[in-house]
Amino acid sequence: MDLKKYVRDIPDFPEEGISFKDITPLLQDADALASAADALFELIKNKKVDKVVGMESRGFFFAPLLATRLNAGFVPVRKRGKLPHQIISEPYALEYGTDVLEIHVDSILKGEKVLIHDDVLATGGTAKAVCKLIEKLGGEVVQCNFLLELKFLKGRDKLSGYSVEALIQY
């Protein structure tokens, strides 16, 4: 299935000059959603995974689906102030600003194999911050996987040393 036809461009969102890749048409179509979930699973199915980490907020769409298929737990990584338990945090740079990500201190155990999932690999700042959080907790990142990759932003460069996979590339 050509998943690109289910991704629309929204110009000047969230700021002028940014062309936002909107995946809601893909999420709304049952066949496209199933096809994307199947294809994301194919990218990781042969690796041992204990936890799947999804980043707020669009990483939450596919990460739990992947976790159930991999017989792994799901761990949310959220923006500052959203998690209720003891956390560690990591600042990161966005394509259009900066922010802080947080994870519960007891969500990744030492030695656990972790898949990181998010919807888009842009500059790589978010994924790199999550890699740091997982490693601070003693986990091992086995792969960073994404629905979309914006190759022109060279986010993969920030993730050198990690296995990186994306279904759709722009």
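Residues numbered from 1 in each chain as written. Predicted model: local features only at pLDDT ≥ 70, side-chain atom pairs only at ≥ 80, totals over all residues. Heavy atoms only, no water.

- In the nomenclature of an unreviewed UniProt entry, the protein chain is known as Adenine phosphoribosyltransferase of Arenibacter troitsensis.
- Checking UniProt for the protein chain, the heading Sequence similarities (unreviewed entry) contains the comment "Belongs to the purine/pyrimidine phosphoribosyltransferase family."
- The annotation that UniProt attaches to the protein chain under Catalytic activity (unreviewed entry) is "AMP + diphosphate = 5-phospho-alpha-D-ribose 1-diphosphate + adenine". (UniProt positions renumbered as here; feature names shortened; annotations may be inferred.)

Thoughts on the packing of aromatic side chains
Phase 1: Counted according to the given criterion, the structure contains 2 aromatic pairs.
Phase 2: With a centroid separation of 5.1 Å and an interplanar angle of 85 degrees, the aromatic rings of F13 and F20 are classed as edge-to-face.
Phase 3: A residue is classified by how much of its surface remains accessible, and F13, at 41% relative accessible area, is partly exposed.
Phase 4: Judged by centre distance (5.9 Å) and plane angle (90 degrees), the ring pair of F60 and F74 falls under edge-to-face. A residue pair is termed long-range when its members are at least 10 positions apart, and F60 in helix 3 (residues 59-69) and F74 in strand 4 (residues 73-79) qualify at 14 residues.
Phase 5: Given the relative accessible area of 25%, F60 is considered partly exposed.
Phase 6: Here F74 falls in the partly exposed class, since its relative accessible area comes to 32%.
Phase 7: Directly above the ring of Y170 sits K4, whose terminal nitrogen or CZ lies 4.8 Å from the centroid.
Phase 8: The ring of Y170 carries K21 above its face, with NZ or CZ at 4.1 Å from the centroid. (Phe/Tyr/Trp six-rings, centres within 6.5 Å; stacked < 30°, edge-to-face > 60°. Buried < 20%, exposed > 50% of the residue type's maximum accessible area, 1.4 Å probe, protein only. Helix = DSSP H or I, 4+ residues; strand = E, 2+ residues; numbered from the N terminus. Lys NZ or Arg CZ within 6 Å of the ring centre and 35° of its normal.)

Some points on helix 4 (residues 125-136)
Phase 1: With 12 residues, helix 4 ought to run about 16 Å at 1.5 Å a step, and its terminal C-alpha atoms sit 17 Å apart, in line with that.
Phase 2: Among all positions of helix 4, only G125, T126, A127, A129, V130, C131, L133 and I134 are buried.
Phase 3: Positive phi shows up at G138, right after helix 4, with a value of about 95 degrees. (Expected span 1.5 Å × (residues − 1).)

What about the nonpolar core?
Phase 1: Grouped together as the largest cluster of nonpolar side chains are 27 residues, with contacts concentrated most on L26, V49, V52, L70 and L147.
Phase 2: Among the elements of the structure, helix 2 (30-42), helix 3, strand 7 (113-121) and strand 8 (140-149) are those that each provide at least two residues to this core.
Phase 3: Residues contacting V49, with those up to four places away along its chain left out, are I44, L70, A72, K113, L115 and V142. (Core = buried A, V, L, I, M, F, W, Y, C linked by side-chain atoms within 4.5 Å. Contact = heavy atoms within 4.5 Å.)

Quick notes on the pattern of salt bridges
Phase 1: A full pass over the atoms with the stated rule returns 12 salt bridges.
Phase 2: Of the charged contacts in the structure, one is a salt bridge between K48 and D50, with a shortest N-O distance of 2.7 Å.
Phase 3: Note on K48: relative accessible area 56%, which makes it exposed.
Phase 4: Between E112 and K51 there is a salt bridge, and its shortest N-O distance comes to 2.9 Å. Within this pair, whereas E112 is found in the loop between strand 6 (97-104) and strand 7, its partner K51 is found in strand 3 (residues 51-55), the two being separated by 61 residues in sequence. Each member of the pair, E112 together with K51, is buried.
Phase 5: Via salt bridges that share partners, E90, K132 and K136 belong to a single interconnected network. (Salt bridge = Lys/Arg side-chain N within 4 Å of Asp/Glu carboxyl O.)

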